[in-house]
Amino acid sequence: MKLTELFFLHGWGVGRAAWAPVVERLAATHPELRVTLLDLPGYAGSEPCHDFTQAAQQLAERLPQGAFLCA
């Protein structure tokens, strides 16, 4: 079974907890997925970033090649 990396990114104004029901369901039904929750700058104790383009670039650099992003 091939492991697929799936990254979830929350929206502005909500945190990673918004994805909790989805992640729990995926974990229970799709063991081939490795799910990672990402935080936008300024969440979970990280430094805020006031440049949207820079924030997007930093997040993109964190994703391994071939990963899927759900936002």
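Residues numbered from 1 in each chain as written. Predicted model: local features only at pLDDT ≥ 70, side-chain atom pairs only at ≥ 80, totals over all residues. Heavy atoms only, no water.

*Asks:* Even after reading the chapter, I still don't get the packing of aromatic side chains, so can you show me in this structure?
*Replies:* Tallied over the full model, the rule gives one aromatic pair. Ring plane angle 55° and centroid distance 4.6 Å describe the contact between F8 and W19, whose orientation is recorded as tilted. Residue F8 is found in strand β1 (residues 4–9), and its partner W19 is found in the loop between β1 and α1 (20–29); the two are separated by eleven residues along the sequence. For F8, a relative accessible area of 3% puts it in the buried group. W19 gets classed as buried once you look at its relative accessible area, which sits at 16%. (Phe/Tyr/Trp six-rings, centres within 6.5 Å; stacked < 30°, edge-to-face > 60°. Helix = DSSP H or I, 4+ residues; strand = E, 2+ residues; numbered from the N terminus. Buried < 20%, exposed > 50% of the residue type's maximum accessible area, 1.4 Å probe, protein only.)

*Asks:* What should I look at first to understand the side chain of H10 in this one?
*Replies:* Structurally, H10 is set in the loop between β1 and α1. Judged by its relative accessible area of 3%, H10 falls in the buried class. Side-chain polar atoms of H10 contact the backbone oxygen of V14, separated by 2.6 Å. When residues no more than four places from it in sequence are discounted, the contact partners of H10 are G15, R16, W19, L38, D39, L40 and Y43. (Polar contact = N/O pair within 3.5 Å; in protein donor to acceptor, adjacent residues only side chain to side chain. Contact = heavy atoms within 4.5 Å.)

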